[in-house]
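Analysis of the macromolecular model
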4 protein chains.
Amino acid sequence: MKVVNVPSNGREKFKKNWKFCVGTGRLGLALQKEYLDHLKLVQEKIGFRYIRGHGLLSDDVGIYREVEIDGEMKPFYNFTYIDRIVDSYLALNIRPFIEFGFMPKALASGDQTVFYWKGNVTPPKDYNKWRDLIVAVVSHFIERYGIEEVRTWLFEVWNEPNLVNFWKDANKQEYFKLYEVTARAVKSVDPHLQVGGPAICGGSDEWITDFLHFCAERRVPVDFVSRHAYTSKAPHKKTFEYYYQELELEPPEDMLEQFKTVRALIRQSPFPHLPLHITEYNTSYSPINPVHDTALNAAYIARILSEGGDYVDSFSYWTFSDVFEEMDVPKALFHGGFGLVALHSIPKPTFHAFTFFNALGDELLYRDGEMIVTRRKDGSIAAVLWNLVMEKGEGLTKEVQLVIPVSFSAVFIKRQIVNEQYGNAWRVWKQMGRPRFPSRQAVETLPSAQPHVMTEQRRATDGVIHLSIVLSKNEVTLIEIEQVRDETSTYVGLDDGEITSYSS
Amino acid sequence: MKVVNVPSNGREKFKKNWKFCVGTGRLGLALQKEYLDHLKLVQEKIGFRYIRGHGLLSDDVGIYREVEIDGEMKPFYNFTYIDRIVDSYLALNIRPFIEFGFMPKALASGDQTVFYWKGNVTPPKDYNKWRDLIVAVVSHFIERYGIEEVRTWLFEVWNEPNLVNFWKDANKQEYFKLYEVTARAVKSVDPHLQVGGPAICGGSDEWITDFLHFCAERRVPVDFVSRHAYTSKAPHKKTFEYYYQELELEPPEDMLEQFKTVRALIRQSPFPHLPLHITEYNTSYSPINPVHDTALNAAYIARILSEGGDYVDSFSYWTFSDVFEEMDVPKALFHGGFGLVALHSIPKPTFHAFTFFNALGDELLYRDGEMIVTRRKDGSIAAVLWNLVMEKGEGLTKEVQLVIPVSFSAVFIKRQIVNEQYGNAWRVWKQMGRPRFPSRQAVETLPSAQPHVMTEQRRATDGVIHLSIVLSKNEVTLIEIEQVRDETSTYVGLDDGEITSYSS
Amino acid sequence: MKVVNVPSNGREKFKKNWKFCVGTGRLGLALQKEYLDHLKLVQEKIGFRYIRGHGLLSDDVGIYREVEIDGEMKPFYNFTYIDRIVDSYLALNIRPFIEFGFMPKALASGDQTVFYWKGNVTPPKDYNKWRDLIVAVVSHFIERYGIEEVRTWLFEVWNEPNLVNFWKDANKQEYFKLYEVTARAVKSVDPHLQVGGPAICGGSDEWITDFLHFCAERRVPVDFVSRHAYTSKAPHKKTFEYYYQELELEPPEDMLEQFKTVRALIRQSPFPHLPLHITEYNTSYSPINPVHDTALNAAYIARILSEGGDYVDSFSYWTFSDVFEEMDVPKALFHGGFGLVALHSIPKPTFHAFTFFNALGDELLYRDGEMIVTRRKDGSIAAVLWNLVMEKGEGLTKEVQLVIPVSFSAVFIKRQIVNEQYGNAWRVWKQMGRPRFPSRQAVETLPSAQPHVMTEQRRATDGVIHLSIVLSKNEVTLIEIEQVRDETSTYVGLDDGEITSYSS
Amino acid sequence: MKVVNVPSNGREKFKKNWKFCVGTGRLGLALQKEYLDHLKLVQEKIGFRYIRGHGLLSDDVGIYREVEIDGEMKPFYNFTYIDRIVDSYLALNIRPFIEFGFMPKALASGDQTVFYWKGNVTPPKDYNKWRDLIVAVVSHFIERYGIEEVRTWLFEVWNEPNLVNFWKDANKQEYFKLYEVTARAVKSVDPHLQVGGPAICGGSDEWITDFLHFCAERRVPVDFVSRHAYTSKAPHKKTFEYYYQELELEPPEDMLEQFKTVRALIRQSPFPHLPLHITEYNTSYSPINPVHDTALNAAYIARILSEGGDYVDSFSYWTFSDVFEEMDVPKALFHGGFGLVALHSIPKPTFHAFTFFNALGDELLYRDGEMIVTRRKDGSIAAVLWNLVMEKGEGLTKEVQLVIPVSFSAVFIKRQIVNEQYGNAWRVWKQMGRPRFPSRQAVETLPSAQPHVMTEQRRATDGVIHLSIVLSKNEVTLIEIEQVRDETSTYVGLDDGEITSYSS
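Residues numbered from 1 in each chain as written. Chains lettered and ligands numbered in written order. Predicted model: local features only at pLDDT ≥ 70, side-chain atom pairs only at ≥ 80, totals over all residues. Heavy atoms only, no water.

Here the focus is the overall build of chain A. Helices and strands together make up the secondary structure of chain A, namely 11 helices and 26 strands. For 504 residues, the compact-globule estimate of 2.2 N^0.38 gives 23 Å, and the C-alpha radius of gyration of chain A, at 25 Å, lies within 12% of that figure. Projected onto its principal axes, the C-alpha positions of chain A cover 95 × 50 × 45 Å. Taken across its 504 residues, chain A has 65% of its residues classed as buried. (Helix = DSSP H or I, 4+ residues; strand = E, 2+ residues; numbered from the N terminus. Rg over C-alpha atoms; globule rule 2.2 N^0.38 Å. Buried < 20%, exposed > 50% of the residue type's maximum accessible area, 1.4 Å probe, protein only.)

Let's shift gears to the relation of the copies chain B and chain D. The operation relating chain B to chain D is a screw motion whose rotation component is 180 degrees, with 0.0 Å of axial translation and a residual RMSD of 0.0 Å. This pairing of chains is accounted for by a two-fold axis. Interface overlap between copies is the fraction of interface residues in one copy that are interface residues in the other; for chain B against chain D it reaches 100%, indicating a shared surface. (Least-squares fit on C-alpha atoms with pLDDT ≥ 70 in both. Contact = heavy atoms within 4.5 Å.)

Here we come to the pattern of salt bridges. In the structure shown here, the tally under the stated rule is 164 salt bridges over all chains. Across the pair Arg227 of chain A and Asp205 of chain A runs a salt bridge, and its minimum N-O distance is 2.8 Å. Within this pair, whereas Arg227 of chain A is found in strand E12 (residues 224-230), its partner Asp205 of chain A is found in the loop between strand E11 (194-200) and helix H6 (206-218), the two being separated by 22 residues in sequence. For the salt bridge of Lys430 of chain B with Asp496 of chain A, the shortest nitrogen-to-oxygen distance reads 3.5 Å. With Lys430 of chain B in helix H10 (residues 425-431) and Asp496 of chain A in the segment after strand E26 (476-483), the pair connects residues from two separate chains. Put simply, Lys2, Asp368, Glu370 and Lys398 of chain A are held in one network by salt bridges that share partners. (Salt bridge = Lys/Arg side-chain N within 4 Å of Asp/Glu carboxyl O.)

With that settled, consider the pairing of strand E11 (residues 194-200) of chain C. For a regular strand, side chains alternate in direction, first toward one face of the sheet and then toward the other. All names here are of chain C. Where burial is concerned, most of E11 is hidden: six out of the seven residues are buried. Bridging between strand E10 (residues 154-157) and E11 involves three bridges; their strand directions are parallel. By the bridge assignment for E11, Phe155 is matched with Val195. Once the chain exits E10 it traverses helix H5 (residues 172-189) before rejoining the sheet at E11, and the crossover so formed is right-handed. Examined bridge by bridge, E11 and strand E12 (residues 224-230) share four bridges and lie parallel to one another. Opposite Pro198, over in E12, you have Ser226 as the bridge partner. Each parallel crossover has a hand, and the one from E11 via helix H6 (residues 206-218) to E12 is right-handed. (Pairing = 2+ DSSP bridges. Right-handed = clockwise from strand over helix to strand, strands pointing away.)

So, on to the interface of chain B and chain D. Contact residues are listed per partner, giving 39 residues for chain B and 40 residues for chain D. Surface buried jointly by chain B and chain D totals about 3200 Å² across both partners, of which 57% is contributed by carbon and sulfur atoms. At the boundary of chain B with chain D, the tally comes to four salt bridges. A salt bridge links Arg65 of chain D to Asp328 of chain B, with the nearest nitrogen and oxygen atoms 2.7 Å apart. At the level of secondary structure, the elements contributing two or more residues to the side of chain B that touches chain D comprise helix H1 (33-45), strand E5 (64-69), strand E6 (72-77), helix H2 (80-91) and helix H3 (127-145) of chain B. By residue number, the principal contributor to the side of chain B that touches chain D is H2 of chain B, which donates six residues. Looking at the side of chain B that touches chain D, its residues break down into 18 nonpolar, six polar and 15 charged. (Buried area = accessible area lost by both parts, 1.4 Å probe. Nonpolar A, V, L, I, M, F, W, Y, C, P; charged D, E, K, R; others polar.)

Take the confidence of the model for chain A next. In this model, chain A carries an average pLDDT of 96, and 100% of its residues clear a pLDDT of 70 or more. Scored as a whole, the predicted complex attains pTM 0.97, and scored at its interfaces, ipTM 0.96. (pLDDT = per-residue confidence, 0-100.)

Encoded structure:
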């Protein structure tokens, strides 16, 4: 059994870069009530600072139209929906991490689209009109929300242009052109606005280097680098509603390696100090892979939340909600969606893992590959431990002994558990017979799949507390240790033994 | 181990008379926000039909004043506060079970008071003015809420006049006089209004008989009989903030016997068919006896909820909330108050027991002294089991095997547990060091002492489900069994074994 | 000046058929938060019983898909979105008046679509699959909401099949076929469900007769007849965002004539007693005609609300909200949309007119073409008067004197006014410079365009009240007259003249 | 007619000291829901920073008790209620301006009380126990809310000790003793806490001087001076429910003189720079004087809000709500209470006047005795004008012409009016027959007595706007002038004249 002696003081700060941003389905979905209900839940319990998703310029949000006036087609910018969307975000205390894309039909050079909702992925047929569009959108944001506000936002150009399904022919030079026009357009409105790219997914990291050299050579503005990271393997089996990838995910270390690799490329580039934002990450990149609904996913992500902030300035979990339409309208309550929150506002295990990390303090006392121990401002201790098990089979528990120095004589310990049994709505749903469109009664029962809570009082011995913790397979556990100020002696004459059946 | 074969069909209805009414601290407290927050919680999760408490006519509610006009003292009826109170009740979908009392100072014949809040317990010094007061109050209710509404209310005359601390000298003849004047006053406003008494506590049941004969002889209106029931023994030890009674409570059967005894007295009276309302009951009659905060209390009350409705038309748990002031302002979060809900909206074990009974169906399939099994309208089964242990010591678990016939091939079983460990905020509070005035952080943790939830899917064998249930000491458990309509086969190609670490 | 002597008693009931139903934009919009905010406002202030709109079966709601299983395309019914929509409706206390349409792409025989949102208007390519779809949808409703609930709903087949843009070639025989298959499918699920048609717009009333004869001859089930009614004239001028029709609307009598005409056709048909539902009506049939935003529209509709219920069983204002997308995303706050409520939850004059009618009582005391006077259950009088002026120009006021018999000696009179000046957010918006996407500050000011409220106390003379009412151009006014129970004399010694600057 | 040429730029800041603090009824009332509903309304529409009232240490809040332990009476500090109260305040974004008083019964040296609610106004019988009480209370506040928070609070010692009904014999030396003990106790907990006095009412300003000399001589801590100000004259007529004072109030200038007088006394004292807080002010000092319900009161207070901040650091309107009990439970909806808000959350005219001042900007452009004109941060102009008329009679209007320089070519002007006719719920209530306990229907009508709103668009001529404003008797008017950014030209082809009955 592993024994960990937690130091009395931390030498590092625990960087909460994991809270910086979260992903969302296409922005048009942000008009929906259920979407906003989920976001409200996420903001109340976790509280991200930014939100990023596709589709700002796609036709359903309606910003770009061309209308005939005096026989000529002229641009018409319609902000009815995007105002509503951004108003909703700000009201929920989250700010847009703007992604410019995809192409409005009236401005597209081709017909190629991506997703059920048909995002057009071709270059603009007229770069001047594109530039005008960017200027119009950014200017409108400033007019409505004020320059102070909009300077805190980030603007990213396109999504995964290194993939043929997201950018026609994955044409790198064309992307660089798009980037240049867009970045210059943004800066022309206000030079303090922050713009970046290339928003690629893994597998073509030469784009990072090329992109930064391109910017350097042509003196194109660039304020940050962005990239995505997933760790699932190749496709293995598809049904009309599920997408299974090769059995084993890459281990979490693989994702952390991706973070480090890109950071290293930036360090060697003409802009060695640029911030690095991982604007998407998750285990699988498929919105219909059931792994997202599992306790394993929570235990996997725990490791990323614990360490990722050491390597990147932000990493944005893709996505906060199963209100999502890339592969058609969800066909069942649980369908392998990316969301932290399933339909009907039901938290998944990974949601709980995020709330656990949200309870951690800023002072990092101890960290290894399976736990993180911190101290909070009020002096209490908060730790998250996890037991990621990527092999099949029962059992596979792990035991850890924590030796924690405390300055209090007595402590109140609260432990919360998410694992296969607890905080696992997916499991309860399977017990119910996997109802696709659950009855209203079932919808009331499912959120009761909350983390298991255990509390106790413990006295310190020689200034330390010994905690023996058994973690079941794929468990994520939060432990909070607070000082007890015992007032029992003020109840003069108190005697629980005077109560029927109780002892003193 | 006990084996119970639950029949397929019930021959009786489970009477939900336990939901008819609940007790409250003095009505003046109903102006308070915390009181109304607790009542809202209780109504959402339980949903009583009526609420009864003292102090309608006490000076803090302010109804009766005498003012000098042209040198003469004249009655002035002020409905400012009582309108606000009754408006609040109706808005929370609960109706007043009016108790006329105590005596307004301006109308009192003496100075004797009861409680920290000084309810005057002396007869009126002028019965005509009392009658006018009753007429004014009842008439105002009708003017404001309509005759249809007020006819659904009940009007009870005074509280525990058989005790010297609630009625001067416990003078029976004086009470009968008060009753007669009051009952006739009520009926003079509308003959369909319902009035009753004598609202006595246990120990003087000859009052019941005498009261009914009095009514018969003088043709005094009487629509129901009311009485209280507690099962705690004599005082044993008092401190400045706790009141301990002799160690053992009488068993629950004692309370049920009290119910039956009064029913028998009514049957033998001139009004053999009058309804019987137990307008107060609980284990201890002291608002500072810690028994009320315990899991034992929940297990004890479970038996009463299960059977009480067979003997009486209603029984009103005293009280819904620890917002209560009979023994001064509460001196600590947990202080032995009567409430189902502790301060800061924290549910006690007994609250959870009430919500469990609220989940039961109307069709009574099986019942004994430690369980009740019902069927709900939608065909599902709901059962409550309890393990009341009045002796001290550890262990003391109980095991039961239920054999339940079901017409479904597979069932979803949800079990919820309240016991010493779960759903027991009192225990967590003790672990925290019994903070009198808990910090805002502590107040957030305490409500997480929720019932423990366990779910599973089970297949029926030969049309029955076998459930082995182990009940820990003073546990109350709710079991709900619903049909599973298994949709798994519609997910073509489904294979959980394709998910990392999971099996098919 | 006109003098109206209102009779003391009414001989008729004022039929509130105008509250039976209201129209909505495509059902997919019911997923949106702003849509639901508007519906909540409408239900709180008006309270319709049913809601009807297009697009139940269109692809965005997602109900019908075909998926490949074992090499074969099979139907897949997805109720994820429609459950959410109907749940929302019922939570707002409004029920669906189901319109079956338009055609799912996978089931369509052609490509013809209608509207910005591309509703497919071609017949099914496979009537068996269509029938199966209807059965699946109706069965699912019953499973989720219960048979009692769904029997209160109404099911209408398609929308305006007599127009070529809503039904391929406006082919009547093809519609009858669709109707027959659909109606039989509905009844096959439960014979008590209510189904009807032909949902035509005006101009082809021979469809009504033909439809009913068709049903009679083939013994096709039909529970009601439905038709639409608009009174705007031919197109006159179009811009890219406005649609102007010939200057003068037909007068309101024209719409009432349409109601009567259809009723007469039904009377002469094989089903003379069938209910008649006007499932859409408004002045203009264009969603971008500014008339909908005006006070004139309110004064116009007032006449319809007052009398329409005498001729038809319901008439459903098209529509409750400007959250609507038939002609693209709204291009400005006010854009001539059908809604009672403009974007940002801003009530239009017609909304206020509906709330005025909602204040009327059931007892009809007097009615003519410019006013309606009723008595409410509590004895108070409520009247709505309007001054519809269809000519241009200033002034054009109207004066009326009402002589109202009252049994009270004093009355409290409250008058509320909507006209060009008051309750007219469109006017304030124009004063603001017609901001397309109004700032958050402007959005706060606009709803303050509330009806003007005037109150007074008046004493009756010889049992009557004389009210002289001047109505400005296009004013709609609500007058409520309640008994005063004067308590002034109970304030002994009261003298307002003792207050600085006030008189006794 | 007066013509005012408003300057283009302000040379002063408009000090919003009127928002610093507001008065409240006894703190025990802060437990009540209606009280908190009113406070919520006030905070949403006005937003005071502090709240001050009596009764912190009175027995109903329950802080101080003595209990018998081992035969000895010991202090017991109970924070159950005060925690709830302060939690509520902070949740509504308002902080306590603590007033230490009155005397707990167990600590009182005598029986003398004040008010219906019997505040004990005698010195402590044991100054050591008093000191311990102060230390305990302040320490508890710090423990619960943190030292940062509590350092922003203010602590005032007692209330109006210069009156015999508030302090036994109005004994100045005894008060100084109480002050010294209390101030030293507060500072012993933390030297940065702010403490002050002497909280006197007008009429004995020598107390101010004596108090400051006393502090100087004995080096007693003092951080601010406090005093009250009312302008009503002597009692004139009393009934059992109304209190009329001599007809004319002193003019508002009298109150401003009181402010200046105390400021001058401080300037001449040993602590010339101490802040001065007027911890109570209003027209009449009686809670049952109808003047408080009138439009006159609003016009009177307007002058004070406009100028008071030039002379004092804060002035605290007594009180925010009619939830108040000094003269018994309110006997009618309108009863002459101090509140900005009447019972049932009904705003009074003075409430509206406060909201008007809340709309003013920081840049003071112009001010005289009947108006104030400001510029707001966004460049818009906001002005409040009033027409205080203290003589009886009709008419008495006032006309003003404002010449306002603007840099915009067109402006949107919004004017809101409170006067005898508008925003005057008292008047509507009188029309209803002064119902003491209004029906639920009446309660819905009364809040519709909102300020009258008028809007228009106006074009500037030669860079100025000319506004002719007629103010009716006792009117208070808010005028807001904003730039119009006219978008009309973007609606290509727009022609309102194409709408029936409208002109282009």
